[in-house]
Amino acid sequence: MDAPKWKLEFYEENGREPVLDFLRGLDQIKEQALAAALSNVLAYEGIGVCASSWGKWVQGAPGIFEFRIRHDAATVLRQRGLSIPKELEEGSDEILLRVFCHAHGTKVILLLAGYDKGKEPSSKRQSSEIKRAKQRLANWKSRQRLRDKQARRGHSKRKPRRP
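Report on the accompanying structure. Each residue is numbered by its place in its chain's sequence as written, counting from 1. Since the coordinates come from a predicted model, pLDDT governs what is reported: local features require at least 70, and pairs of side-chain atoms require 80 or more to be given and counted, while whole-chain, interface and lining totals use all residues. The side-chain figures draw on all heavy atoms in the structure; neither hydrogens nor water molecules are used.

## Section: the sheet that holds strand E4 (residues 97-104)
Then, number 1: Taken in spatial order, the 5 strands of this open sheet run E1-E5-E4-E3-E2, and their pairing is mixed. Of all the strands in the sheet, just strand E1 (7-10) and strand E2 (55-57) have a single pairing partner and so form its edges. Ignoring which end each strand starts from, the neighbouring axes of this sheet average 35° apart.
Then, number 2: Criterion used throughout: strands pair if DSSP finds at least two bridges between them. Numbered from the N terminus, helices here are DSSP runs of H or I no shorter than four residues, and strands are runs of E no shorter than two. Bridge analysis of strand E3 (residues 64-69) against E4 gives 6 bridges, and the strand direction is antiparallel. What sits directly across from Glu-66, in E4, is Phe-100.
Then, number 3: Here, residues are in contact when the closest pair of their heavy atoms is within 4.5 Å. Only C-alpha atoms enter the line fits that serve as axes; for helices the fit covers just the stretch in contact. Angles between N-to-C directions range over 0 to 180 degrees. Its contacts with the sheet put helix H2 (residues 28-45) on E1, E3, E4 and strand E5 (108-116), and the angle it makes with E3 is roughly 125°.

As structure tokens, then:
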């Protein structure tokens, strides 16, 4: 398999990475499923997942799409034509995970928010997570603009001319 086309970045806030925290808080089967889907589907397909059952654009949230995980890690790997490590557990539990993402340019996917829709299927929870993703994206964009502005200032400083 070729190298991934997209780099996945976890949104960071106050030294924490909320989606990584979400991933680590899942049970083993769901954690493996999410990790396999992120690294073997999202990292390769990027926003192309929105043209498949793996994702869709979120209405009312410009620039944000939902990455949908419905299979255990073994199934994800099998679907991608990859070998399945012996230690990987196959799960019979229903997996229904969501991660809200933003494509930055043509190479980076920013992971903004995630939740276990199987545990909390209400539309209220979905709306709450979308709102959280929108806030995080706005914060991230603001920080990016500030960094860009500071970088431009740093490059525009020239040495004074000598008389």
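## Remarks on the environment of Leu-88
Then, number 1: With respect to the helices and strands, Leu-88 occurs in the loop between helix H3 (73-79) and E4.
Then, number 2: Using a relative accessible area of 18% as the deciding quantity, one classes Leu-88 as buried.
Then, number 3: Sequence separation of Leu-88 and Ile-29 is 59 residues, and the distance between their C-alpha atoms is 8.4 Å.
Then, number 4: The contact partners of Leu-88, leaving out residues within four places of it in the chain, are Gln-32, Ala-73, Ala-74 and Leu-77. Exposed residues in this analysis have more than 50% of their type's maximum accessible area, buried residues have under 20%, and partly exposed residues fall in between, with area computed by a 1.4 Å probe over protein chains only.

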